[in-house]
Every structure is written in C-alpha cells, then in structure tokens.
Amino acid sequence: YYFGALYSESLFLLLTLLSFLFLNKKKWIWAAVFASLASATRLAGIFLGVAIAWEFYSTEIKNTKKIKNYLKLLFLSILSISGFIVFCLYLNKEFHDPFFFAKVQSSFGASRQTDKLILIHQVIWRYIKMLLTIKNNNILLYSISQEFFISLLVLGALIWGWFKNIKKSYLIYLGISTILK
C-alpha cells in the first residue's frame, strides 16, 4: 500500500530498500544505481553512497588492496550520488543556484533553518528547554515530546545496533541520516 502511494517518501523508501537489498547480495552496480535514484529523490539518498562505499571497502578492498578495486570504489561512489549531482545541475540551470532546494525550505512553513549549521547537542538542548517551558495544556507539547523521544529511540537503536554487530553500513546510513534531520 505504501509503495503504491504517489509520494516522494514512498518512492525514496522503495529505492533505499532496493539499494540495500542489492548491497546485501553484493550486486554493487545495482545498489549504486538505486542509490543514485534515491539521491535524486531525497537529500538523505546521498548517504547511501557512504554505506555502499563502506560495505565495498570492508568486503572487497580491506584484504586485497588491489588498485582495480579502488577504482571500482570510486566509480560506485560517484554513481551513488550522481542522481543528486544531476538534480543540482538542473537547479543551477533553471534557478542559477545548485542548492536552491535548501534555500526554499523556509518558504514551506516548516520552520527549517538553512542559513547555519545546527549541531546535535544544540537540538537536544533546545528540545529539553521546550519540554521544560511549554505549559502542559499546549498541544505543541505533545508534538515536541513525540519528536524528542523518537529521536532518543533512534539514537538508542544505533547504540544497540553497534553492540549487537548489526551491519556497519546500516548504522552508518541511519546515523548520518539522523544527524541530517
């Protein structure tokens, strides 16, 4: 049902899952192709390239260190983010700004700030401050609580996955994507 919905979120999820499916089968080119399509759909798709590069390095290069494997790693990395690169080239052609997608975020009313980098400790401090200062009968308290505790849940899942030896490529992708949000 979700994959049939005509939204970019469902398309991105499908492309991400296909990329990881082919990554697990060590079909590197197909994993990179689906990562490329995902990177054209959402910014978080470029982090699939990092996961693919890590997985390729740890299985193909770490022990052999052959030059042809390094070239293949470079090719896979570029292919993985090529969707994003093509999208930036399109934005540059149409709007004379390759990062136009970031500049228009504030226009959508989502209160996203794109003019400066906000680090994770700043986000955590902001949530704690809001949780302590918003009145209990304010509906915003529910939304903030939910976002904060889901973020903590994801952070806990990352830590748990590290100690349970979940594939590092999954953790790398999840960790970088979480920081982006």
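Quantities reported herein were computed from a predicted structural model and do not represent experimental measurements. (Residues numbered from 1 in each chain as written. Predicted model: local features only at pLDDT ≥ 70, side-chain atom pairs only at ≥ 80, totals over all residues. Heavy atoms only, no water.)

On inspection of all chains with the given rule, the structure shows 12 aromatic pairs. Ring geometry for F22 and F34: centres 5.5 Å apart, planes at 15°, overall stacked. Here F34 lies in helix α2 (residues 28-41) and F22 lies in helix α1 (residues 8-24), a separation of 12 residues in the sequence. For the pair shown, F22 and F34 are each scored as buried. The structure contains a cluster of three or more aromatic residues connected by ring pairs, namely F84, F87, F99 and F101. Between K168 and the ring centre of W162, over which it is positioned, the NZ or CZ distance is 4.1 Å. (Phe/Tyr/Trp six-rings, centres within 6.5 Å; stacked < 30°, edge-to-face > 60°. Helix = DSSP H or I, 4+ residues; strand = E, 2+ residues; numbered from the N terminus. Buried < 20%, exposed > 50% of the residue type's maximum accessible area, 1.4 Å probe, protein only. Lys NZ or Arg CZ within 6 Å of the ring centre and 35° of its normal.)

With that out of the way, let us pick up the environment of L18. Following the sequence through the fold, L18 ends up in helix α1. Distance in space between the C-alpha atoms of L18 and G4 is 15 Å, their sequence separation being 14 residues.

Taken as a whole, the protein chain shows an average pLDDT of 88; of its residues, 94% reach a score of 70 or greater. α2 holds the highest mean pLDDT among the elements of the protein chain, 97, whereas helix α5 (residues 100-103) holds the lowest, 84. (pLDDT = per-residue confidence, 0-100.)

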